[in-house]
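Inside the fold
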Amino acid sequence: MKTVPILIAAALSMAAPITAHAETMQMPDGTTMDMPMDQPPSGDPQQLISDVLKTMFETPAKPLAIGPVAVQGGWAIAGWQQDGRGGRILLQNGEHGWRPLLCSGDAIREGDALTKAGVPATDATALAAALRDAEATADPKALQAFASFEGTVTLGAATASAAHSGHEGHGK
């Protein structure tokens, strides 16, 4: 079986659903996982996002650090670090809570790139500005980790046949 050599995708394949309602997510490497979908409908978006990402990607041996998190409407970008690596993850808030859509590095910092990823133009511009503000006080080493993620990996059913390369630096 082919594996996607990035830590966050590896953690996805090991994550177990924690609730009764789950949605099957197709991973870029062709494997699937059940994503827990029963999240509280309201609350602090930063905490909800951190909770869902840690539930999905964190393992006892590889803790996941989340932050900063920028939120605009039903969209968010969260910085993540795990096992000396990092990146940014784009999320959308829907009927079942926050759902990760794609993982990238600096490529999703600008409004144009967010629009291409499906974020409405108004939200994309505001989200990019919110991310700049949130990262203005971030540790420079964290920003280097976020930038180290090469390319973009789409998470979800739409990627059933997609193959992504260029992530060798993010392997286990």
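In this text, all values refer to a predicted model and were calculated from it rather than measured experimentally.

1. Section: the overall build of the chain
- For the chain, the count of helices and strands is five helices and seven strands.
- Secondary structure of the chain in N-to-C order comes out as α-β-β-α-β-β-β-β-α-α-α-β.
- The buried share of the chain, reckoned over its 172 residues, is 44%.
- In the structure as shown, the chain presents an accessible area of about 8100 Å², 51% of it carried by carbon and sulfur atoms.

2. Regarding the confidence of the model for the chain
- Residues of the chain with pLDDT of at least 70 account for 66%, and the chain-wide mean is 78.
- Low confidence marks residues 1-22, where pLDDT is under 50. Its contacts with residues over four positions away, or in another chain, come to 59 contacts.
- Contacts of residues 157-172 to residues separated by more than four positions or lying in other chains number 38 contacts, the stretch itself having pLDDT below 50.

3. Brief notes about the packing of aromatic side chains
- Summed over all chains, the structure comprises one aromatic pair.
- Measuring from ring centre to ring centre gives 6.2 Å for tryptophan 80 and phenylalanine 149, while their planes differ by 75 degrees; the resulting arrangement is edge-to-face. Of this pair, tryptophan 80 sits in strand E4 (residues 75-82) while phenylalanine 149 sits in the loop between helix H5 (140-147) and strand E7 (152-154); the two residues are 69 residues apart in sequence, bridging distant segments of the chain.
- Looking at tryptophan 80, the relative accessible area reads 1%, which means it is buried.
- In this structure phenylalanine 149 comes out as buried when scored by relative accessible area, which is 3%.

4. Section: the sheet that holds strand E5 (residues 85-94)
- Read from one edge to the other, the open sheet built from five strands follows the order E3-E4-E5-E6-E7, with strand pairing classed as antiparallel. In this open sheet, the two strands that pair with only one neighbour each are strand E3 (64-72) and E7. The average undirected angle you get between the axes of adjacent strands in this sheet is 30 degrees.
- For E4 and E5, the ladder comprises eight bridges, and the chain directions are antiparallel. Its bridge partner being in E5, glycine 79 is matched across the sheet by arginine 88.
- Strands in contact with helix H2 (residues 45-57) are E3, E4, E5 and strand E6 (97-104); relative to E3, the strand with the most contacts, it is inclined by about 140 degrees.
- Contacts from helix H4 (residues 121-135) reach E3, E4 and E5, with the element oriented near 135 degrees to E3.

5. A word on the side chain of serine 104
- Following the sequence through the fold, serine 104 ends up in strand E6.
- The residues touching serine 104, leaving out its near neighbours within four places in the chain, are Gly87, Arg88, Phe146, Phe149, Gly151 and Thr152.

6. Some remarks on the pattern of salt bridges
- Here the structure, examined in full by the defined rule, presents five salt bridges.
- Connected through shared salt-bridge partners, Arg88, Asp106, Arg109 and Glu135 make up one network.

7. Some words on unusual backbone geometry
- Of note, the amide linkage connecting glycine 67 to proline 68 takes the cis form, showing an omega dihedral of 0 degrees.
- By secondary structure assignment, the location of proline 68 is in strand E3.
- Unlike most non-glycine residues, aspartate 83 shows phi in positive territory, near 55 degrees.
- Within the element layout of this structure, aspartate 83 appears in the loop between E4 and E5.

8. A short note on the side chain of glutamate 135
- With respect to the helices and strands, the residue glutamate 135 is situated in helix H4.
- On the basis of relative accessibility, which here comes to 5%, the residue glutamate 135 falls in the buried class.

Scoring rules and cut-offs
Residues numbered from 1 in each chain as written. Predicted model: local features only at pLDDT ≥ 70, side-chain atom pairs only at ≥ 80, totals over all residues. Heavy atoms only, no water. Helix = DSSP H or I, 4+ residues; strand = E, 2+ residues; numbered from the N terminus. Buried < 20%, exposed > 50% of the residue type's maximum accessible area, 1.4 Å probe, protein only. Areas by Shrake-Rupley, 256 points an atom, 1.4 Å probe, with all protein chains shown as cover. pLDDT = per-residue confidence, 0-100. Contact = heavy atoms within 4.5 Å. Phe/Tyr/Trp six-rings, centres within 6.5 Å; stacked < 30°, edge-to-face > 60°. Pairing = 2+ DSSP bridges. Axes fitted to C-alpha atoms, helices over the stretch in contact; angles between N-to-C directions. Salt bridge = Lys/Arg side-chain N within 4 Å of Asp/Glu carboxyl O.

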